[in-house]
Amino acid sequence: MSANRPAAVVVLAAGEGTRMKSATPKVLHAICGRSLVGHVVAASRELDPEHLVVIVGHAREKVVAHLAETDPEVRTAVQYEQNGTGHAVRMGLEALGDSGIVLDGTVVVVCGDTPLLTGETLRKLSDAHAADGNAVTVLTAEVPDSTGYGRIVRDEATGAVTAIVEHKDATDAQRAIREINSGVFAFDARLLVDALGKVRTDNSQGEEYLTDVLGILREAGHRVGAAVAGDHREILGINNRVQLAEARRLLNERLLHTAMMSGVTVVDPASTFVDVTVTFEQDVLVHPGTQLLGATHLAQDAEVGPNSRLKDTTVGRGAVVDNTVADGAVIGEGANVGPYAYLRPGTRLGAKSKAGAYVEMKNAVIGEGTKVPHLSYVGDATIGEFTNIGAASVFVNYDGVNKHHTTIGSHCRTGSDNMFVAPVTIGDGAYTAAGSVITKDVPPGSLAVARGQQRNIEGWVARKRPGSAAAQAASAAERDARPGTQETDGGQ
């Protein structure tokens, strides 16, 4: 546990986010597998705070329910009226106080719409705050264009922060400053509680501004410091869909960079998308047009893509997955999938097995070395080892009310265009004939033939479709087949 463990982290997530133009609260919009507030909470957790409280307001029922799923240990406090950032923090601290919690130490305040903020940066802020003995430390950033941001004004001699000046209020000299306020702070808890009680609302918005606390503490003789973020893009807040897409791009680049530096080959990062929860082993190869989502894991030497989307899927060592959609599947070591396969939840492919072109599987367990090469649906089934399923086979698992299970043993050979009407069991080493509809169990080592006898009705086309192209073609074929009607060269 760090010696600078914060007493609390307060996440501001009460705003409506009207510029998103969405029925979904802004902080619940997602990038790279987490909501905006989910990213902030995850980064805050890296500080190991004694308490983590999220301030909710707009659509609070949705936000609280989401937080309960993603991090059940998070506390929430309600800001019933959005009366400014200072008011929001005060609501959070009062909620902790009402629970009998007395804060002593550092309180870090972060914004719930900054998904690029890292735990490492928050740790540097907290450490700088403790090392410098500040009453408050502002996380700042040097940006290429500071237009519209609050400028950080420092004392030239000490480097202490003397003011945060909003763009509209800044002088020409102040507007030239490139160091800006991120909206992220580390406070001395006791000084913060006292200063929040002194924040006034005599401003154009009639709100309690958290930034006013800095002036209050400075006037009381306390030091106000700053810590500069290493990458100014970390502090980017999200206010509209354009900024959401840009944050997604930046975070995706960061994730792919980390993967590539750890030994993953990403052929085209621009067309490859990953979630923060995806994991890789060394020497994985990812082709263009691939999306890796949720708790997907790619083992060593796995090859995925092009044009594949895997969610919550495990790909075994050396497996190849080509042009495939998979959700909740396990693909065994050395297995081969695709192209154009669809693996639905509950699919388990054994080592060196195959789910080939235009194969769909759902809740299916496929044994080692077994192949379902093409044009088949396998649902609610268990297939043993080293079995071959013929093309265009369908596991008929649903009777309109209930799902039923099919079991096919090891070393079986099933013919093309088979229908396995569940529940049914095919024993080890059994064969089934092409075109069969299997409705009864097949004993081990047996051949099952379940199809009608072929019957040819001669002359049917001429009688039922006279004058048609088919009738004319049949007549010509019959004429050519009669003896003495073949043309010859006549000789010379």
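Computed from a predicted model, the values in this text were never measured in an experiment. (Residues numbered from 1 in each chain as written. Predicted model: local features only at pLDDT ≥ 70, side-chain atom pairs only at ≥ 80, totals over all residues. Heavy atoms only, no water.)

Caption draft 1: Geometry of the domain arrangement of the protein. As far as domains go, the protein holds domain 1 (8–235) and domain 2 (241–448). Taken over C-alpha atoms, the centre of domain 1 sits 45 Å from the centre of domain 2. Of the roughly 1,200 Å² buried between domain 1 and domain 2, counting both surfaces, carbon and sulfur atoms make up 65%. It is Ile31, Cys32 and Leu116 in domain 1 that bury the most area against domain 2; as a group they hold 46% of the surface buried on that side. (Domains from an automatic or database assignment. Buried area = accessible area lost by both parts, 1.4 Å probe.)

Caption draft 2: Region of interest: the nonpolar core. One finds Leu298, Ile331, Leu343, Met361 and Val378 to be the most contacted residues of the largest nonpolar core, which totals 55 residues. At the level of secondary structure, the elements contributing two or more residues to this core comprise α8 (241–261), β25 (341–343), β28 (360–366), β30 (377–383) and β36 (424–426). Here the element with the most residues in this core is α8; it accounts for 7 residues. Once you skip the residues sitting within four places of it in the chain, Leu298 turns out to touch Thr279, Phe280, Glu281, Val284, Val286, Leu292, Val304, Leu310 and Val315. Grouped together as the second largest cluster of nonpolar side chains are 36 residues, Ala7, Ala88, Leu93 and Val161 included. (Core = buried A, V, L, I, M, F, W, Y, C linked by side-chain atoms within 4.5 Å. Buried < 20%, exposed > 50% of the residue type's maximum accessible area, 1.4 Å probe, protein only. Helix = DSSP H or I, 4+ residues; strand = E, 2+ residues; numbered from the N terminus. Contact = heavy atoms within 4.5 Å.)

Caption draft 3: Summary view of the UniProt feature "binding site: Mg(2+)" (unreviewed entry) in the protein. Here, UniProt's "binding site: Mg(2+)" (unreviewed entry) annotation points to Asp113 and Asn239. Spanning 127 residues, the annotated positions come together in the fold, the maximum distance between their C-alpha atoms being 8.0 Å. Along the polypeptide, Asp113 turns up in the loop between β6 (106–111) and α4 (119–132). Discounting chain neighbours no more than four positions away, the residues touching Asp113 are Lys26, Leu36, Val40, Leu236, Gly237, Ile238 and Asn239. Within the local environment of Asp113, its side chain forms a polar contact with the side chain of Lys26, the two groups lying 2.8 Å apart. Mapped onto the fold, Asn239 is located in the loop between β11 (224–228) and α8. Ignoring sequence-local partners within four residues, the contact set of Asn239 consists of Arg19, Met20, Lys26 and Asp113. Within the local environment of Asn239, its side chain forms a polar contact with the side chain of Lys26, the two groups lying 3.4 Å apart. (UniProt positions renumbered as here; feature names shortened; annotations may be inferred. Polar contact = N/O pair within 3.5 Å; in protein donor to acceptor, adjacent residues only side chain to side chain.)

Caption draft 4: Main features of the pairing of strand β7 (residues 136–142). Counting buried positions over the 7 residues of β7 gives 6, a clear majority of the element. Sheet topology note: the β7/strand β10 (residues 179–188) ladder contains 7 bridges and is antiparallel. When the sheet's bridge partners are listed, Ala141 is paired in β10 with Ile180. Here 5 bridges tie β7 to β11, and the two strands are oriented parallel to one another. Across the sheet, Thr137 pairs through a bridge with Gly225, a residue of β11. (Pairing = 2+ DSSP bridges.)

Caption draft 5: Focus on unusual backbone geometry. Put simply, Gly338 and Pro339 share a cis peptide bond, and its omega is 5°. Turning to its location among the elements, Pro339 is positioned in the loop between β24 (336–337) and β25. Here the residue pair Ala422 and Pro423 is connected by a cis peptide bond, since its omega of 0° sits within 30 degrees of zero. With respect to the helices and strands, Pro423 occurs in the loop between β35 (419–421) and β36. Here the phi dihedral of Tyr358 falls at roughly 55°; this positive angle occurs in a residue that is not glycine. Relative to the assigned elements, Tyr358 resides in the loop between β27 (354–357) and β28.

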